[in-house]
Amino acid sequence: MRLFVDKLTNIDFSFLHPSRGVVGETWQVNVELHGELDEQGMVVDFSHVKKKIKQWLDAEIDHRLLVPKNSPCLSISTTEDQHSLTWDYQGREIQTQCPLQAITLINAEAITTESVALWCIDQLRSEFPSSVKKIELTFVPEHIEGPYYHYTHGLKKHEGNCQRIAHGHRSSILIWRDGELSFDDMRIWAERWQDIYVATQEDEVEASSKLNRAFRYTAQQGEFYFEAPRTHCYMMETDSTVELIAQHFATELKKENPNSHFVVKAFEGIGKGAIAES
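Quantities reported herein were computed from a predicted structural model and do not represent experimental measurements.

A. Representation of the overall build of the protein within the structure. Helix and strand counts for the protein stand at four helices and 18 strands. The C-alpha radius of gyration of the protein comes to 20 Å, within 12% of the 19 Å expected for a compact globule of 278 residues. Seen through its principal axes, the protein has C-alpha atoms that stretch 70 × 50 × 35 Å. For the protein, the residues scored as buried account for 53% of the 278 residues in total.

Here it is as structure tokens:
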């Protein structure tokens, strides 16, 4: 017997890639549990499945930086409370120092939907009763018809896990110019923000290389540092909440096209975001 829960939850995170650098991502989560029926006629109660798996994914994957621990690109050292890592890829370099709970080390050479699913299944086995013989997790990127982008950021003022300096999203964007949906404007912004790190100007500090930009701040969970190639960084005067991102897009569009009116619907992952106009 198989029990399934489709679209159980969504996870928003970033990961390190051997050619793209740091990549913001959003996946939907599907689950199947194989097993025998218990005295209630169930493999396991739906509420237990949804609560247990969602809580675990929220704690271990969501709003974290996923790092493939077996990759040759990785150099890492760990103390009682902090990870320090360097990611060397195609002649470029990413560095970060952050509290332990901001990073998840995946036992794989690369971060893929399959490698992360296998790692999660191995960790989750002990969370379910003996009636459950097999767990299957499937991670699926949202199907997006129009332009979208991958971005990574950190929100130092956030009281929750958004304060982590390298978490991200895969997001779509809708832009109306003078009342008409503008695919050209959407495509331009999606290209500008493809695999981008979005940073706040006041957080910038001196980088280890002139080819990089570096950022540091202290938040509730601890001290965070992130350094990436200049070509992969986008600077904002404000923080990078989705509300401020939507307003930034609208403001920049208005500067470039002062005689037009713009409405921007910027998503943060799946099914949520902010609307701004100028």
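B. Focus on the sheet that holds strand 1 (residues 2-17). In space, the five strands of this open sheet follow the order 7-3-1-2-8, with mixed pairing throughout. Edge strands, defined here as strands with exactly one partner in the open sheet, are strand 7 (103-106) and strand 8 (132-141). Averaged over neighbouring strand pairs, the angle between their axes works out to 40° when direction is ignored. Taken strand by strand, helix 2 (residues 113-124) contacts strand 2 (21-35), strand 3 (65-68), strand 7 and strand 8, and its axis lies near 150° from that of strand 8.

C. Focus on unusual backbone geometry. Of note in this structure, Lys7 is not a glycine but carries a positive phi near 50°. For Lys7, a relative accessible area of 59% corresponds to the exposed category. The residue Gln90 is not glycine, and still its phi comes out positive at about 50°. Inspection of the secondary structure puts Gln90 in the loop between strand 5 (82-89) and strand 6 (92-99). Note on Gln90: relative accessible area 55%, which makes it exposed.

D. Quick look at the sheet that holds strand 4 (residues 74-78). On the basis of which strands lie adjacent, the open sheet formed by six strands has the order 4-5-6-15-14-13 and antiparallel pairing. The open sheet has two edge strands with one neighbour each: strand 4 and strand 13 (204-205). With five bridges joining them, strand 4 and strand 5 adopt antiparallel strand pairing. Within the sheet, the bridge partner assigned to Ser77 lies in strand 5 and is Ser84.

E. Inspection of the packing of aromatic side chains at higher detail. Under the counting rule described, the total for this entry stands at 15 aromatic pairs. Three or more aromatic residues joined by ring pairs form one cluster here, namely Tyr149, Tyr151, Trp189, Trp193, Tyr234 and Phe249. Of note, Arg170 hangs over the ring of Tyr148, and the distance from its end group to the ring centre comes to 4.2 Å. The residue whose ring lies beneath Arg192 is Trp189, and the NZ or CZ to ring-centre distance is 4.4 Å.

F. Inspection of the environment of Thr251 at higher detail. Tracing the backbone shows Thr251 in helix 4 (residues 242-256). Taking the C-alpha atoms as reference, Thr251 lies 8.7 Å from Phe262; in sequence the two are eleven residues apart.

G. Local environment of the packing of helix 3 (residues 183-192) against helix 4. Helix 4 packs onto helix 3 with a crossing angle of 120° between their chain directions and a minimal axis gap of 12 Å. Considering only the axes of helix 3 and helix 4, their crossing is right-handed. When helix 3 is examined against helix 4, the residues Asp185, Trp189 and Arg192 are found in contact with a partner set consisting of His248, Phe249, Glu252, Leu253 and Glu256. Across the contact of helix 3 with helix 4, the residue classes tally to three nonpolar, one polar and four charged.

H. Broad picture of helix 4. With 15 residues, helix 4 extends 21 Å between its outermost C-alpha atoms, agreeing within 8% with the 21 Å of an ideal straight helix rising 1.5 Å per residue. Turning to helix 4, its buried residues are Val242, Ile245, Ala246, His248, Phe249, Ala250, Glu252 and Leu253. Where helix 4 is buried, its residues meet strand 9 (148-153), strand 10 (167-177), helix 3, strand 16 (233-236), strand 17 (262-267) and strand 18 (273-277).

What counts and how
- Residues numbered from 1 in each chain as written.
- Predicted model: local features only at pLDDT ≥ 70, side-chain atom pairs only at ≥ 80, totals over all residues.
- Heavy atoms only, no water.
- Helix = DSSP H or I, 4+ residues; strand = E, 2+ residues; numbered from the N terminus.
- Rg over C-alpha atoms; globule rule 2.2 N^0.38 Å.
- Buried < 20%, exposed > 50% of the residue type's maximum accessible area, 1.4 Å probe, protein only.
- Pairing = 2+ DSSP bridges.
- Axes fitted to C-alpha atoms, helices over the stretch in contact; angles between N-to-C directions.
- Contact = heavy atoms within 4.5 Å.
- Phe/Tyr/Trp six-rings, centres within 6.5 Å; stacked < 30°, edge-to-face > 60°.
- Lys NZ or Arg CZ within 6 Å of the ring centre and 35° of its normal.
- Left-handed = near helix turned anticlockwise from the far one by under 90°.
- Nonpolar A, V, L, I, M, F, W, Y, C, P; charged D, E, K, R; others polar.
- Expected span 1.5 Å × (residues − 1).

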